[in-house]
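Remarks on the overall topology
Each chain is listed here by its residues.
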Amino acid sequence: MPSEPLVLGFDTSAAHCAAALLLGDRVLAARAEPMARGQAERLMPLLEEVLAEAGHVWGDLARIGVGVGPGNFTGIRIGVSAARGLALALDIPAIGVSGFEIIAEAEGPDAIPAIPAPQGQAYTWRDGAPAFVAVEDLPGAAGLPEPQEMARHIARVATRAEAAPAPVPLYVKPADAAPPRDAPPEIVDDLG
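Read on for a plain summary of the structure.

Before going further, it helps to spend a moment on unusual backbone geometry. Between Gly69 and Pro70 the backbone carries a cis peptide bond, its omega angle lying at 5 degrees. Structurally, Pro70 can be placed in the loop between strand S4 (63-67) and helix H2 (73-90). A positive phi is found at Asp91, a non-glycine position, where the angle reads about 55 degrees. When you line up the elements, Asp91 lands in the loop between H2 and strand S5 (94-97). Within the chain, Asp127 stands out as a residue other than glycine whose phi angle is a positive 55 degrees. For Asp127, a relative accessible area of 85% translates into the label exposed.

In structure tokens, the structure reads:
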């Protein structure tokens, strides 16, 4: 294993699948593919391609960084699940990196983040917590970089981060899911 940490960063929190492999601060390989659907099927092959392009294998990794949102509910869950599974299998830490941390890494710690959200809204950071606000309330705010750059920033943040509990999705608001149409099943206490 190299003396500098080999870190794989990836993100599926929006309409893309992106990954970057860093050795210390040097980018060895990076890829991003736009996609509205299919991240679950494409993520692992993409990660293997990035590793192979740089001449490395899974066992060379020192840690994993993953984008935890805010963003697409299903996409976030795909990325976080993959990172947690890989971390367990490889016995290495997985570090969750929020979009707010990505913007701070890319634009500086004083940047006002504006992460795209549905219906003309944006996710931002206010008073020490994530918030959901109208885009027009964030003049001069910084957005997320392109997906390949996001993956690079995720890996950079993960390289410096202290090992933490397993990453979890960052949800600023509840998922936009329709309530079930069918009534829930009846629970019967008496089996006799």
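On to the nonpolar core, then. For soluble globular proteins, the rule of thumb is that nonpolar side chains tend to be buried together. Formed by 27 residues in total, the largest nonpolar core has its most connected members in Leu8, Phe10, Leu21, Leu47, Trp58, Leu61 and Ile64. Looking at this core, the elements with two or more residues in it are strand S1 (6-11), strand S2 (16-23), helix H1 (39-53), S4 and H2. Setting aside anything within four residues of it in sequence, one finds Ile64 in contact with Leu8, Phe10, Ala83, Leu86, Ala87, Leu90, Ile92, Pro93, Ala94, Ile95 and Ala158. Core analysis: the next-biggest nonpolar cluster, separate from the first, contains 14 residues, Ala30, Val97, Ala151 and Ala158 among them.

Quick notes on the rules
- The numbers attached to residues start from 1 for each chain and follow its sequence in the written order.
- Residue-level local features of this predicted model are given only where pLDDT is at least 70; pairs of side-chain atoms are given and counted only at 80 or more, and the full residue set underlies all totals for whole chains, interfaces and linings.
- Just so you know, side-chain values use all the structure's heavy atoms and leave hydrogens and water out.
- Here a helix means four or more residues in a row that DSSP labels H or I, a strand means two or more in a row labelled E, and each is numbered from the N terminus.
- Each residue is assigned to one of three classes by its accessible area relative to the maximum for its type, calculated with a 1.4 Å probe on protein chains only: buried under 20%, partly exposed between the two thresholds, exposed over 50%.
- Only buried residues count toward a nonpolar core. Its members are Ala, Val, Leu, Ile, Met, Phe, Trp, Tyr and Cys residues joined through side-chain atoms within 4.5 Å.
- The contact criterion used throughout is that any non-hydrogen atoms of two residues lie within 4.5 Å.

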